[in-house]
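Coordinates in review
One letter stands for each residue in the lines below.
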Amino acid sequence: DIQMTQSPSSLSASVGDRVTISCRASQTITTYLNWYQQKPGKAPNLLIYGASTLQTGVPSRFSGTGSATDFTLTISSLQPEDVATYFCQQGSSTPLSFGGGTKVEIK
Amino acid sequence: EVQLLESGGGLVQPGGSLRLSCTASGFTFSRDAMSWVRQAPGKGLEWVSAIRSIGGSAFYADSVRGRFTISGDNSRNTVYLQMNSLRAEDTAIYYCAPCQVWGTGWCNYFDPWGQGTLVTVSS
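Keep in mind it's a predicted model, so treat the numbers as computed, not measured.

**As for the interface of chain A and chain B**
Frequently, the measure chosen for interface size is the accessible area removed from exposure when the parts meet. Across the contact, 20 residues belong to chain A and 20 residues belong to chain B. Of all residues in chain A, Tyr 32, Leu 96 and Phe 98 of chain A bury the most surface against chain B, accounting for 31% of the area lost on that side. Residue assignment for the side of chain A that touches chain B shows that the elements contributing at least two residues are strand E4 (33-38), strand E5 (45-49) and strand E9 (84-90) of chain A. Grouping the amino acids of the side of chain A that touches chain B by side-chain chemistry returns 10 nonpolar, 8 polar and 2 charged.

The structure is reproduced here in structure tokens:
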């Protein structure tokens, strides 16, 4: 089974800051890596699939990079509405698996 | 617009059973694979099960295999999750989501997600 490890588990940044979240797979998943945003009390929402393809309607300040085992989600300029928990997910093989999440707060 | 509506959650005693339903609209249910993903209170996301529309093959996480059964009814645009021998650690919000494909494979990511239904296993 493929294990997904996210870091950090939480972060606090100021509005306008650049924020990066890392996700590492226990074995290569090429670019079968997806990112979700979950706001408090809501269902997760897809941000990025295929490591770098922005889902329709997602603001361009979000971007994803990486391949093989190491991936990054970047928010280029943090906005108040970005307060949420972010999860990575590998779609390479079953059992499909998620990272533990990164909680993003405003400083 | 794709919409998903889960139902069937509730309070159940350990060892009991529940059947969750997820009714979809706005897409061709029979062409897609469907998944269930759960989230324990204050915890992360855990993939639970998926069913392929073609052939109906079912897949399960080790934590639920042998206790949970996924099935689908194309005529009703509904996927079910029959949960038996429930344990306290099954307490979670259960979300359904269509599998989407990017590249090869049959279930690469999940989009969109339903609002979820809460299952509480407690005596």
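**Structural notes on the sheet that holds strand E1 (residues 4-7) of chain A**
All names here are of chain A. Pairing within the open sheet is antiparallel, and its 4 strands lie in the order E1-E3-E8-E7. Among the strands making up the open sheet, the edge pair consists of E1 and strand E7 (62-67). Each strand axis lies, on average, 15° off the axis of its neighbour in the sheet, ignoring direction. Of the strand pairs in this sheet, E1 and strand E3 (residues 19-25) are connected by 4 bridges, and their pairing is antiparallel. Among the inter-strand pairings, Ser 7 is bridged to a residue of E3, identified as Ser 22.

**Concerning the sheet that holds strand E8 (residues 78-83) of chain B**
All names here are of chain B. In spatial order, the strands read E1-E3-E8-E7; together these 4 strands make up an open sheet with antiparallel pairing. The sheet terminates laterally at strand E1 (3-7) and strand E7 (68-73), the two strands that pair on one side only. Ignoring which end each strand starts from, the neighbouring axes of this sheet average 15° apart. When E1 meets strand E3 (residues 18-25), the two strands line up antiparallel, connected through 5 bridges. Note that in E3 the partner of Glu 6 across the bridge is Cys 22.

**What to know about unusual backbone geometry**
Residue Pro 8 of chain A follows Ser 7 of chain A across a cis peptide bond; omega there is -10°. On the secondary structure map, Pro 8 of chain A appears in the loop between E1 and strand E2 (10-13). Notably, Ala 51 of chain A is not glycine yet its phi reads approximately 75°, a positive angle. Positionally, Ala 51 of chain A belongs in the loop between E5 and strand E6 (53-54). Judged by relative accessible area, which is 1%, Ala 51 of chain A ranks as buried. Here Asn 77 of chain B, not a glycine, exhibits a phi torsion of approximately 50°, which is positive. Within the secondary structure layout, Asn 77 of chain B lies in the loop between E7 and E8.

Quick notes on the rules
- Residues numbered from 1 in each chain as written.
- Chains lettered and ligands numbered in written order.
- Predicted model: local features only at pLDDT ≥ 70, side-chain atom pairs only at ≥ 80, totals over all residues.
- Heavy atoms only, no water.
- Contact = heavy atoms within 4.5 Å.
- Buried area = accessible area lost by both parts, 1.4 Å probe.
- Helix = DSSP H or I, 4+ residues; strand = E, 2+ residues; numbered from the N terminus.
- Nonpolar A, V, L, I, M, F, W, Y, C, P; charged D, E, K, R; others polar.
- Pairing = 2+ DSSP bridges.
- Axes fitted to C-alpha atoms, helices over the stretch in contact; angles between N-to-C directions.
- Buried < 20%, exposed > 50% of the residue type's maximum accessible area, 1.4 Å probe, protein only.

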